[in-house]
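Chains, contacts and geometry: an overview
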Protein chains: 2
Amino acid sequence: MVGGSAIRFQTESIANRAGAGLPPVDQRESVLNNVSPPLQARAPGSPEPDALARLTDLVGADLHACNRTIVARMDSPVALIPQLAAHIVAAGGKRLRPVLTLACARLCGYEGARHVELAACVEFIHTATLLHDDVVDESVLRRGLSSANSVFGNKASVLVGDFLFARAFQLMVADGSLPVLGILSKAAATIAEGEVHQLVIQNDLATTEEQYLEVIRGKTAALFAAACEVGGVVAGRPDAECRALAAFGDHLGIAFQLVDDALDYAADQATLGKTVGDDFREGKITLPVLAAYHAADGKAREFWVRTIEASEQKPDDLDRALCLIEQTGAIQATLDLAATFAAAAKNQLAIFAPSPLRDALADVADFTVSRAR
Amino acid sequence: MVGGSAIRFQTESIANRAGAGLPPVDQRESVLNNVSPPLQARAPGSPEPDALARLTDLVGADLHACNRTIVARMDSPVALIPQLAAHIVAAGGKRLRPVLTLACARLCGYEGARHVELAACVEFIHTATLLHDDVVDESVLRRGLSSANSVFGNKASVLVGDFLFARAFQLMVADGSLPVLGILSKAAATIAEGEVHQLVIQNDLATTEEQYLEVIRGKTAALFAAACEVGGVVAGRPDAECRALAAFGDHLGIAFQLVDDALDYAADQATLGKTVGDDFREGKITLPVLAAYHAADGKAREFWVRTIEASEQKPDDLDRALCLIEQTGAIQATLDLAATFAAAAKNQLAIFAPSPLRDALADVADFTVSRAR
């Protein structure tokens, strides 16, 4: 377990703020490697669909329509744009964020078709940030495939990201709702702030857990929150319900990123769909590293200072980092915090009447954590 | 003069389409090095203010307010964002695009204050594209200073560009006009398309002049057009006037970029505010290169194929390129085409009653070309 009292204190205080207290999540085996593209949600031979696949099934027709919108609206007379966009947009991914928009709209009783276009906006914003992230992180793998920047170059990735971002706003304008435009433009600014903040704390082991959580709340949870809130807004639901959906998305997004950061030190490459140890090599400050650093003795601290702060890494250092993280229980601590946020997310759904969609959204919160266990 | 008949034919057809026919612009000496930041528009000791300085003076109070909005709205708790943004936003530049929004709104008799925030949006979109451009072009100089990417790194430039872009949309949403949001979101998508198109034709001497003009219409003129049109829309003017302003901006923007592309082979570094020969070293396809290539004999053609298409450049090649461009009259041909577009821009102003603002806008169109003579 994590040894440093400072970090334990912070973890508890943040868990309390998230309004936790639900029983621990179940301990199913990791099913991350069974998460398939949305239109073939059930992996062949898998015993039963996971929670995300069940949620995706519930909005299947909407997601089909959303995928058609995505393909239609990423088109351009400049052929490189749909080519590059198809590499990342159409080639798979879980479509988690647009599924959230679709599911939240239906949860709120929405019966129109606007949520389909807005879900496509959410996916375009997400895709634009992925393209720019991969340039910033110099990633070579994304979802188990070569990243767009490694195939098409950094320049094209930056510019096609800009195009998709602008196209998302064009779609929102066509939809015509200023409240929706407000939610998604604010989310886009918050995402960029979170990404810059992450850049600022890179290599800095003095980063507090609170700062780290601010970063992931910005870079990841802001779009989850907006994706969910838009579902309520498009359905014309009262503020309290829209706020609950935003909070559900926020907590779910934080849980999701915590698990992602844990998996970067705990999964094999096939499971992860990206290069294992990327975060370590970049000197990215994530909770597993912070927890291991705070729990470390003098010699281990020197290791972290050399590898993360001074960016001096030798071939065997990743193995030692994995070993130190394992010894200190840093992965477990990170997943425990993720479970706390997932439970807090589920609590936000209490405002809605019970329904298969509400159950499926709650199960996705659990699944976000259980996929890593 | 340009020798290739194909390129001459194209130049004429495009000039005709632009609705030209005005007398040639006057032949004043270059005053580009007298273009100062907007709040000290008149360079000490300069005999008289240039056309842009006069236009800027006419909207001086509005521009002061716009600059205050820019500084206020680029703030963020993540200190690196205002630091980097200040490096490029607050450090100068001509503020040409926001001045166009302010001037067009006043030309249309607008008496409110919304145009100030919208002019700031225009500048934020412009700044975001500059930040990304400099990353894509690997530029080290911008407006005579170190570029943001060379000071803060590519990663921060990409992400702060994203932030400014999102912030522009937040400001537009606060303004609350869907037509304005439509104009600027479409412009943003068109800019990105133009930039990607430019990337596609890079190093390709088979590019037609028409393709080149499509590129600069997208990457540069789209924002000029939107900046002007927004001025008419915010003033609630009829469609015909708004369309005339958009066409004025479009033609002005094309003239502006043609001159910029000429100056890259015709100015010294102090005048240019960026490294001379950048376009050549990147193998960027611009009209001076296309014109010189089409006019070239066998040996000179081999030179262009080696340096631009094969990107094999030796230390003396820039001097030879400048010499070949000089010999073929490629700069003059480029500036002549710019003058045609500037004249077409001025024609679009005929729909408005004569006024000091209309005269100043017309003079800016002339000045766009005369700054290079």
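See above for the structure.
Residues numbered from 1 in each chain as written. Chains lettered and ligands numbered in written order. Predicted model: local features only at pLDDT ≥ 70, side-chain atom pairs only at ≥ 80, totals over all residues. Heavy atoms only, no water.

As for the pattern of salt bridges
Taken as a whole and judged by the stated rule, the model has 24 salt bridges over all chains. A salt bridge links Glu241(A) to Arg237(A), with the shortest nitrogen-to-oxygen separation between them at 2.8 Å. Given a relative accessible area of 13%, Glu241(A) falls into the buried group. Judged by its relative accessible area of 34%, Arg237(A) falls in the partly exposed class. Between Arg217(B) and Asp250(B) there is a salt bridge, with the nearest N and O atoms lying 2.8 Å from each other. Here Asp250(B) lies in helix α11 (residues 239-263) and Arg217(B) lies in helix α10 (residues 209-234), a separation of 33 residues in the sequence. Residue classification places Arg217(B) among the partly exposed positions, given a relative accessible area of 37%. Here the residues in one salt-bridge network are Asp279(A), Glu282(A) and Lys284(A), joined through shared partners. (Salt bridge = Lys/Arg side-chain N within 4 Å of Asp/Glu carboxyl O. Buried < 20%, exposed > 50% of the residue type's maximum accessible area, 1.4 Å probe, protein only. Helix = DSSP H or I, 4+ residues; strand = E, 2+ residues; numbered from the N terminus.)

Remarks on the relation of the copies chain B and chain A
Relative to chain A, chain B is turned by 180° and slid 0.0 Å along the rotation axis, the superposed coordinates differing by an RMSD of 0.0 Å. Put plainly, the chains are arranged around a two-fold axis. Here 100% of the interface residues in chain B have copies in chain A that are interface residues too; the copies meet face to matching face. (Least-squares fit on C-alpha atoms with pLDDT ≥ 70 in both. Contact = heavy atoms within 4.5 Å.)

Digging into the packing of aromatic side chains
What the rule picks out here adds up to 12 aromatic pairs over all chains. Ring geometry for Phe169(A) versus Phe169(B): centroids 4.0 Å apart, planes at 20°, classification stacked. Of this pair, Phe169(A) sits in helix α8 (residues 154-175) while Phe169(B) is found in helix α8 (residues 154-175), placing the two residues in two different chains. There is no split in this pair, since Phe169(A) and Phe169(B) are both buried. An aromatic cluster is built from Phe165(A), Phe169(A), Phe165(B) and Phe169(B), whose rings are joined through pairwise contacts. (Phe/Tyr/Trp six-rings, centres within 6.5 Å; stacked < 30°, edge-to-face > 60°.)

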